[in-house]
Structures are given as structure tokens and as C-alpha cells.
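An overview of the molecular structure
So you can see what is in the structure, the chains are spelled out below.
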Amino acid sequence: MADRPLLNRALAGLGTTVFAEMSALAASTGAINLGQGFPDTDGPSAVAEAAVRAIREGRGNQYPPSIGTPELRAAVAEHQRRFYGLAYDPDTEVVITAGATEALAAALLALLEPGDEVVTLDPAYDAYAACLALARAVRVPVVLRPPAFRPDLDALRAAVTPRTRMLLLNSPHNPTGMVLTPDELRAIAELAVERDLLVVSDEVYEHLVYDGARHHPIAALPGMRDRTLTISSAGKTFSFTGWKVGWATGSADLVRAVRTTKQYLTFAGSGPFQYAVAEALRLPDAYFTGLREEMRERRDLLSDGLAAAGFDVLRPAGTYFVSAGIGPLGEDDGVAFCRSLPGRCGVVGIPHSVFHADPEAGRSVVRFAFCKKVAVLEEAVLRLKELTRPGAAG
């Protein structure tokens, strides 16, 4: 054993996620945690009560079906039809997972062979790299460059080779807040059809799109329904991230592959919460509109505050994250900046470099979450302004 590393070589260098490190730093210093993307208030009380009611009535307290409860699978199918006009059979084309991350892991493990190339938008949620590594696939990043973070469609096309199996998309995009336009989605869809590629589309921020823009699922475009697996979850939309209820929709063949792998990961989970999320997905339009407007106001509060504190703010079109350049503050190392920030002004952020295949690409950009109480954001803004106070250099 002494001659062989205990950790799977595919995961070498990944270690503890930066979210865990920064959240621990926030806890140990008492800093305001604008790093990890979780709300600091619970979601709708009616949804919470639905979970309590399910527990009391004994629904989901034992193993639910591995593919998810019929009630939630039906609600997910209804949601896709209601918002996007997409029709899925809840019995064969929907699978419920332990959050979107399990859906992602199950999809990549099920659909990829060692050596398959997967084109991704870069930066990306850090689980993408880990799941691709476990699948022994090859990540091929296409870099989104500030300030607009728009995809270079020519670079995307050039990244596709005869070894490319899949496009792994994320819109609204974490960490940049970029939202793919209909024209961009159309071009990507045409490429996928032309080169016969699978598409896995992470759409967990689908209801957090601002300024009159709309979320458009790529699965709705011509030729895409049967080659696209769409992933989403309840955590971001309903502010119950700890429940870990996610799902994937797609053709029966794609979903069957995910179900096959998923049963050997968690088998099943979140039993009572599945019944509650089924009710949440059927909330009236006013809920989704209200959530979007509430988060837009918080985006603007934090964005304006970061600008006043001297950051180069890259205002997002979606998600609940703001990216900001630290160059105007005389800084160029986002990791060092974020590690020092709690001590300097009592706020935690996340360095963009951890989301990049090449850390240098995001070296001087950091990400802050605005899914917090208004009072918390106001206090964070006051603290961040301390960075430009004379004598406040790191």
C-alpha cells in the first residue's frame, strides 16, 4: 500500500472543494459568507409544511422508488410542458436524483467511455471536472472571456473532433451569470446535430434570469430533444438546497442510462421532500416572477456596492452570482485575495480561478453570491468599502 496512492489518480489534485474551504473560513472568522451559493432564508412555508405533512403521513420515510416518486416525476413533466412546451413521459423520460450534481455524475458515468472528449464552457462548476475525471473522459474547455463571458462559437466548433462525444452546457451559467441567447443556442444545436453529439444541459438556474431575458432550453430546438439530457433541481428555485432534490429529463434511452447508473450511487433519497417539491413545482406563476424580481434587486444591491468599493463589476444576466475584477484594487491574485478578505473586511468570496481548467484564465476575478438577506448584503457592502479606506491595503 505504501507504493500506491490511496486516492484514485483521476481525482489527484482536486482535494477539498474551495466552497468547503471558504465556508469554513467564514465560520472561523465570523465573516459574511458570500462564497457558497446557498440562501440564508428558507423557501415558501407552504412547501416546508408539505414536507412535514409527508413525514407525518409516512410518505417517503422509507426508500422511495429509485427513479423517484410518481408524484414528483409527474410534476417535473408538467413543469417542462408548462414553461417550455416540452413533453416528457413521467414514467420513462424523467428521473429524480439526489440534487443536480448526482444527475450530472450519473449522466457522465453512464454515457461516456474512457477517452471520450467532452466540450465544456470554461469556467465551470467544479463538479464537472471531478465527474469527467471519474468517467475517464477528456475535458475540452472553451473559455468564456470577461467582460461579456459570451461563447466564441468558432472556438466551440473548432473544439469538436472525431473523438468528441458530448457538449456539456450550463445556462444560466455558473460562475459568470451569462445566459445563452436564442441565436447562440441555435448555433450550438446545429453543431450538435451536424456532428451527432450528445448534449447534457445544466439548467438549475432556469428561473433566475433578469432584465427581460428568458431561459430557453436547448432541448426545445430542432433535432435536440432526443440527444439532450436536461438537468435541474429544486434547490436554487425554491431555496431548499439542503433537501438535495434534482432531476433529469430526456429521451427514454438517455434517461434509462442515467437510471441504471443512479441506482448504484444513492439508489434513492430525499423521500418526503420529493412530495413537497412536487407541490412546489405547481406554485402559481406569481411565485416564479416574484423570486426573479427579488433576486434582481439583490443583484443590483451587491453589484452597485461592489462598484462603489472599487471592483470592476461584471453584472450577471442570470444565476445569483456576481463576478468582479480585482485589478482596480491593485490586486491580481484572486486566491490570495479571497483568503485574505475575511481578515481585511469580514467578507468571503470565491476566486474564479478554481472554476477554470487553466487557473490563470480567471486569476484576477472573484465571485460573490447575492442570494442573501438584504440586510446581510447591505452590511457586506459596507464592509467591502473598507478595502478602499486609506491604510486598508492587504
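Residues numbered from 1 in each chain as written. Predicted model: local features only at pLDDT ≥ 70, side-chain atom pairs only at ≥ 80, totals over all residues. Heavy atoms only, no water.

**Overview of the overall build of the chain**
Put simply, the rule reads: Elements are defined by DSSP. Helices are runs of H or I of four residues or more, strands are runs of E of two residues or more, and each kind is numbered from the N terminus. Atoms counted for the radius of gyration: C-alpha only. Globule rule: 2.2 Å times residue count to the power 0.38. The criterion used for residue contact is that any of the two residues' heavy atoms lie within 4.5 Å. Under the convention used here, a 1.4 Å probe and the Shrake-Rupley method define accessible areas, while residue burial counts only the protein chains that appear. Charged-residue counts in this description rest on Lys and Arg as positive and Asp and Glu as negative, His and the chain ends being excluded. By convention, the charge on Lys lies at NZ, on Arg at CZ, on Asp at CG and on Glu at CD.
Helix and strand content of the chain: 13 helices and 13 strands. The C-alpha atoms of the chain give 21 Å as radius of gyration, which agrees with the globular expectation for 394 residues (21 Å, within 12%). Dimensions along the principal axes, computed over C-alpha positions, put the chain at roughly 65 × 55 × 50 Å. For the chain, long-range pairs separated by at least 24 residues make up 76% of all intrachain contacts whose partners lie at least 6 apart in sequence. When the accessible surface of the chain is summed, it comes to about 16,400 Å², and 53% of that surface belongs to carbon and sulfur atoms. Side chains of the chain give 40 positive and 46 negative charges; the mean places of these two sets differ by 2 Å.

**Examining the packing of helix H11 (residues 285-308) against helix H13 (residues 374-384)**
Here is the rule: Every axis corresponds to a line fitted to the C-alpha atoms, with the helix fit spanning only the stretch in contact, and the corresponding angles, defined between N-to-C directions, vary from 0 to 180 degrees. By definition in this entry, angles of less than 35 degrees are roughly parallel, angles greater than 145 are roughly antiparallel, angles of 65 to 115 are roughly perpendicular, and the rest are oblique. Three categories are distinguished: nonpolar for Ala, Val, Leu, Ile, Met, Phe, Trp, Tyr, Cys and Pro, charged for Asp, Glu, Lys and Arg, and polar for the others, with Gly belonging to the last.
Between H11 and H13, whose axes approach to 9 Å, the crossing angle comes to 10°. Put simply, H11 runs roughly parallel to H13. On H13, the residues that touch Arg298, Leu301, Leu302, Gly305 and Leu306 of H11 are Val374, Leu377, Glu378, Val381 and Leu384. Across the contact of H11 with H13, the residue classes break down as seven nonpolar, one polar and two charged.

**Details of the sheet that holds strand S9 (residues 312-314)**
Test applied: When DSSP finds two or more bridges between two strands, those strands count as paired.
Within the open sheet, the four strands sit side by side as S9-S10-S13-S12. Their pairing is antiparallel. The sheet is open, and its two edges are formed by S9 and strand S12 (350-351), each paired on a single side. Taken together, the two bridges between S12 and strand S13 (residues 365-369) define a ladder with antiparallel strand orientation. Each bridged residue has a counterpart across the sheet, and for Ile350 the counterpart in S13 is Arg367. Set on the sheet, H11 makes contact with S9, strand S10 (321-325) and S13; between it and S10 the angle comes to about 15°.

**A few points about the nonpolar core**
Cut-off, in case you're wondering: Throughout this description, the term nonpolar core refers to a set of buried Ala, Val, Leu, Ile, Met, Phe, Trp, Tyr and Cys residues connected via side-chain atoms within 4.5 Å. For the exposure calls, accessible area comes from a 1.4 Å probe over protein chains only, and a residue counts as buried if that area is under 20% of its type's maximum, exposed if over 50%, partly exposed in between.
If you look at the biggest cluster of nonpolar residues, it comprises 96 residues, and the most contacted ones within it are Leu72, Leu104, Phe238, Leu302, Phe311, Phe368 and Leu384. Per-element accounting of this core gives the leading share, eight residues, to helix H4 (residues 99-111). If we ignore the near neighbours within four places in the chain, the residues touching Leu72 are Ile96, Val245, Gln274, Val277, Ala278 and Leu281. Leu121, Val140, Val160 and Leu169 belong to the second-largest nonpolar core, a separate cluster that totals 23 residues.

**Focus on the UniProt feature "domain: Aminotransferase class I/classII large" (unreviewed entry) in the chain**
Note the following rule: UniProt positions are given in the numbering used here, feature names are shortened, and annotations may be inferred rather than shown by experiment.
The UniProt record annotates "domain: Aminotransferase class I/classII large" (unreviewed entry) at residues 31-381. Annotated as residues 31-381, this span is 39% helix and 16% strand, and its ends, taken at the C-alpha atoms, are 13 Å apart.

**Some words on the environment of Arg82**
Looking at the secondary structure, you find Arg82 in helix H3 (residues 70-84). With 200 residues separating them in the primary sequence, Arg82 and Arg282 have C-alpha atoms 9.6 Å apart. For Arg82, the contacting residues outside a window of four places in its chain are Leu281, Arg282, Leu283, Pro284, Asp285 and Phe288.

**So, the packing of H4 against helix H5 (residues 127-134)**
Note the cut-off: Here is the rule for handedness: rotate from the far helix to the near one, and if that takes an anticlockwise turn smaller than a right angle the crossing is left-handed, while a clockwise turn gives right-handed.
Remark: H4 packs on H5, axes separated minimally by 9 Å, with the N-to-C direction vectors making an angle of 30°. When the axis of H4 is compared with that of H5, the two are roughly parallel. Crossing handedness for the pair H4 and H5: right-handed. When H4 is examined against H5, the residues Thr101, Leu104, Ala105, Leu108 and Leu109 are found in contact with a partner set consisting of Ala127, Tyr128, Cys131, Leu132 and Leu134. Split into classes, the residues belonging to the contact of H4 with H5 amount to nine nonpolar, one polar and no charged.

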